[in-house]
Every structure is written in structure tokens, then in C-alpha cells.
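Per-entry structural report
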Amino acid sequence: MSVGKKTPIQPALHKVIMVGSGGVGKSALTLQFMYDEFVEDYEPTKADSYRKKVVLDGEEVQIDILDTAGQEDYAAIRDNYFRSGEGFLCVFSITDDESFQATQEFREQILRVKNDDHIPFLLVGNKADLADKRRVTFEDAKQRSDQWNVPYVETSAKTRANVDKAFFDLARKISSRKYRSEAQEESSPKKSSCCIIL
Ligand SMILES: Nc1nc2c(ncn2[C@@H]2O[C@H](COP(=O)(O)OP(=O)(O)O)[C@@H](O)[C@H]2O)c(=O)[nH]1
Ligand SMILES: [Mg+2]
């Protein structure tokens, strides 16, 4: 029976922004997710956007990815990028402590621009294949993500480990967030009319 079944006109679009210091693997993760290949020498100053159709929990959705590349040092450009994002993959390299420290600043900037403590956000420790060069422990990263109340995931753009997981977990958070806020919007007029009557 198809009666009453909702058919979306267009697949939902979830806007993801890649943030993190230069060289941590934002482009490599994006390209691995998009095209199933490890690109070792992507132009470090090039920001670009991508779109991929995926099936998320049985529903077709589009994931829009903005791969930033340092232009966000300019506050105005950065704020525009961040404002357009519905979810953030905040990437550092497990081989580089400075890149881990830098995630703090990215987190603060994002919260400032979005003005939303519950913005969909994942802390991503990339280059997990380079175990012998690890400088950031899993525990330290997990502790930070717990403090922020966000998930922590370790990925490798080289081996593809957890790459789909990072994007899908974030898209899932964006999706549930949207439905929740739609539900709130639907319920709030009732509340206010109720207050007027009283
Ligand atoms: N071994 C390893 N190298 C990586 C990984 N991700 C990125 N790289 C390398 O790190 C360098 C910087 O990656 P890139 O994606 O350009 O970093 P971005 O500046 O954050 O976009 C490149 O030489 C990549 O080949 C990874 O998961 N494992
Ligand atoms: Mg890049």
C-alpha cells in the first residue's frame, strides 16, 4: 500500500565543512570519501566543494562538503564558510600535537559563528595508519571530545579506515538535528497561541 507514503521531492542536502590545520588530511579524507582513492599531493591552498549522493539509513541524501584550505585565516571568509555549515569535521593529525592543539581554536570559532553548542560536530584524528609516528594519544583526544560532548573518531585517508563512518555519523547528526528543529517549529506556534488564549 502506497497510500500516505511521503515521497520527498528532492533528497535532503547536508552541508559539511572540513576544518583543521594545513597538512592534517582534510583534502585526502574528502577525496577518499568522494572517489575511493588516496590523493597524496592535493594542492594545499586549494579550497573546493563536493557533493555526493548516499543512502543514509535507507534514505537517499546528498552530502555537500566544503574542504577549506587556510583562507579561513581571514576572519570574514572564515565566518562565511562556517556560517554556511550544518556540521563540522574538525580534523587533526595523530602525528602532530600542534594540529591537535589547534582544534581548540577551530571549535571556539565555530561556536562563536554558529552560536549553537549543539552544532553537529566530530573530532577526527587522521593518519591513524602512522601508528609509529603517533604523538597524540587516543585518551587525550577522547578526553577533549568528551569535554566538548562530541564523538571522537580516528581515521586514515590512506587505508580508508573509518572514512565513511566519519561522514555518515556527521550526516546522521545533521539529519536528526534538522528533523528535531522542524518539529520544534511546528509545535511552537501552538504553544504561543495557547499562551495568548490564557
Ligand atoms: N599516511 C597518511 N598520510 C596522509 C593521510 N591523510 C593525508 N595524508 C598526507 O598528508 C599530506 C597532507 O594531506 P592533505 O589532504 O593535503 O591535507 P590538508 O592540508 O588538511 O588538506 C599529504 O601528503 C597526504 O598524502 C593519512 O590518513 N595517512
Ligand atoms: Mg587541503
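As annotated in an unreviewed UniProt entry, the protein chain is small monomeric GTPase from Armadillidium nasatum. Per its UniProt entry, the protein chain bears the Sequence similarities (unreviewed entry) comment "Belongs to the small GTPase superfamily. Ras family." One UniProt comment on the protein chain, placed under Subcellular location (unreviewed entry), says "Cell membrane".

In the neighbourhood of ligand 1, 18 residues make up the surrounding shell, with Gly23, Lys26, Ala28, Asp129 and Ala157 lying closest. Here an oxygen atom of ligand 1 and a backbone polar atom of Gly25 are 3.0 Å apart. In the environment of ligand 1, an oxygen atom lies 2.9 Å from a nitrogen or oxygen atom belonging to the side chain of Ser27. Relative to its free-state accessible area of 580 Å², ligand 1 is covered by the protein chains to the extent of 85%. One can see that ligand 1 is located within the largest pocket. Here the element with the most residues in the shell around ligand 1 is helix α1 (residues 26–35); it accounts for 3 residues. When grouped by side-chain class, the residues that make up the shell around ligand 1 number 6 nonpolar, 7 polar and 5 charged.

A word on the sheet that holds strand β3 (residues 59–67). Within a sheet, neighbouring strands are paired by backbone hydrogen bonds and run either parallel or antiparallel to one another. Taken in spatial order, the 6 strands line up as β2-β3-β1-β4-β5-β6 in an open sheet, and their pairing is mixed. Bordering the open sheet on either side are β2 (48–56) and β6 (152–154), each of which pairs with just one other strand. Averaged over all neighbouring strand pairs, the angle between strand axes comes to 25 degrees, with direction disregarded. Pairing between strand β1 (residues 12–19) and strand β4 (residues 87–93): 4 bridges, direction parallel. Each bridged residue has a counterpart across the sheet, and for Ile17 the counterpart in β4 is Phe88. Along the sheet, helix α2 (residues 75–84) contacts β1, β3 and β4; its crossing angle with β1, the most-contacted strand, is approximately 145 degrees.

A word on α1. Of all 10 residues in α1, 9 are buried, a share of seventy percent or more. Downstream of α1 by a residue or two, Asp36 has a phi angle that is positive, lying close to 55 degrees.

Where like charges cluster on the molecular surface, the negative patch consists of Asp97, Glu98, Glu139 and Asp140. Elements supplying a minimum of two residues to the negative patch: α3 (97–114) and α4 (138–148). On the secondary structure map, Asp140 appears in helix α4. Overall, Asp140 belongs to the partly exposed group, its relative accessible area being 40%.

On to the packing of α3 against α4, then. Where α3 meets α4, the closest approach of the two axes is 11 Å, and the angle between their N-to-C directions is 10 degrees. Taken together, the axes of α3 and α4 lie roughly parallel to each other. Counting all contacts with α3, which are made through Phe100, Gln101, Thr103, Gln104 and Arg107, the residues of α4 involved are Asp140, Ala141, Arg144 and Trp148. In terms of residue class, the contact of α3 with α4 is built from 3 nonpolar, 3 polar and 3 charged.

Thresholds applied
- Residues numbered from 1 in each chain as written.
- Chains lettered and ligands numbered in written order.
- Predicted model: local features only at pLDDT ≥ 70, side-chain atom pairs only at ≥ 80, totals over all residues.
- Heavy atoms only, no water.
- UniProt positions renumbered as here; feature names shortened; annotations may be inferred.
- Near = heavy atom within 4 Å.
- Polar contact = N/O pair within 3.5 Å; in protein donor to acceptor, adjacent residues only side chain to side chain.
- Areas by Shrake-Rupley, 256 points an atom, 1.4 Å probe, with all protein chains shown as cover.
- 1 Å grid on protein atoms, 1.4 Å probe; cavity = no way out; pocket = protein on both sides within 12 Å on 5 of 7 lines; lining within 4 Å.
- Sits in = over half its atoms within 2 Å of the grid points.
- Helix = DSSP H or I, 4+ residues; strand = E, 2+ residues; numbered from the N terminus.
- Nonpolar A, V, L, I, M, F, W, Y, C, P; charged D, E, K, R; others polar.
- Pairing = 2+ DSSP bridges.
- Axes fitted to C-alpha atoms, helices over the stretch in contact; angles between N-to-C directions.
- Contact = heavy atoms within 4.5 Å.
- Buried < 20%, exposed > 50% of the residue type's maximum accessible area, 1.4 Å probe, protein only.
- Patch = residues over 30% accessible without salt bridge, like charges linked within 9 Å, V, L, I, M, F, W, Y side chains within 5 Å.
- Salt bridge = Lys/Arg side-chain N within 4 Å of Asp/Glu carboxyl O.
- Lys, Arg positive; Asp, Glu negative; His and termini not counted.
- Charge placed at Lys NZ, Arg CZ, Asp CG, Glu CD.
- Parallel < 35°, antiparallel > 145°, perpendicular 65-115°, else oblique.

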